[in-house]
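Structural overview for review
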Amino acid sequence: MGVDVCWDPAATQPPARRAAFRSMTAVTAGDKAAWLALFAGDAVVEDPIGPSMFDEEGKGHHGQDGISAFWDKTIANVERFQFTIRDSHAAGDEVANVGTITTYLPGGYRVDTDGVFVYRVREDGLIMSMRAYWETERAMATARKAED
């Protein structure tokens, strides 16, 4: 039930990479309070970017209230998450993680979402934005009965 990552979280890492790791850890643990505490008050979450079933207008989820509602609409409905980060590129106050998020859904199904997940932090390490580049149709095409 852990987080699969390609960097050592105990080693010194850029702030955005540390924030991304903390975000994945909180999601994996199902800890909404810990996850929300990672975000600045005026942060924005776009997951995925643009209009989607989670954000019909494609404008993102803004501030603590919007991000909390995003959790309730999406993350809370998943039984288990597995993050596999194949590569991570940190630059300035941002990190772009390339990988797959495997979600285990009620009814015994799983979906693999390949994407690029970009986090930007402010000087104090709080997340200002999380932007996820992934394609809904491509992810849904992987839906299948979970074997594990």
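An unreviewed UniProt entry annotates the protein as Ketosteroid isomerase-like protein originating from Amycolatopsis umgeniensis.

What follows deals with the UniProt feature "domain: SnoaL-like" (unreviewed entry) in the protein. Per the UniProt annotation, the sites labelled "domain: SnoaL-like" (unreviewed entry) are residues 22-129. In residues 22-129, helix accounts for 22% and strand for 46%; the two terminal C-alpha atoms are 14 Å from one another.

This part covers the pattern of salt bridges. A complete count under the given rule lists eight salt bridges for this structure. For Arg-110, the salt bridge identified is with Asp-112, shortest N-O distance 3.6 Å. Notably, a salt bridge pairs Arg-122 with Asp-124, separated by 2.7 Å at the nearest N-O pair. Taking the relative accessible area as the measure of exposure, Arg-122 reaches 35% and is therefore partly exposed. Among the charged side chains, a network of salt bridges with common partners joins Arg-110, Asp-112 and Arg-144.

The next point concerns the environment of Leu-38. Note on placement: Leu-38 falls in the loop between α2 (32-36) and β1 (39-46). Setting aside anything within four residues of it in sequence, one finds Leu-38 in contact with Ala-19, Arg-22, Ser-23, Leu-126 and Ile-127.

Conventions adopted
- Residues numbered from 1 in each chain as written.
- Predicted model: local features only at pLDDT ≥ 70, side-chain atom pairs only at ≥ 80, totals over all residues.
- Heavy atoms only, no water.
- UniProt positions renumbered as here; feature names shortened; annotations may be inferred.
- Helix = DSSP H or I, 4+ residues; strand = E, 2+ residues; numbered from the N terminus.
- Salt bridge = Lys/Arg side-chain N within 4 Å of Asp/Glu carboxyl O.
- Buried < 20%, exposed > 50% of the residue type's maximum accessible area, 1.4 Å probe, protein only.
- Contact = heavy atoms within 4.5 Å.

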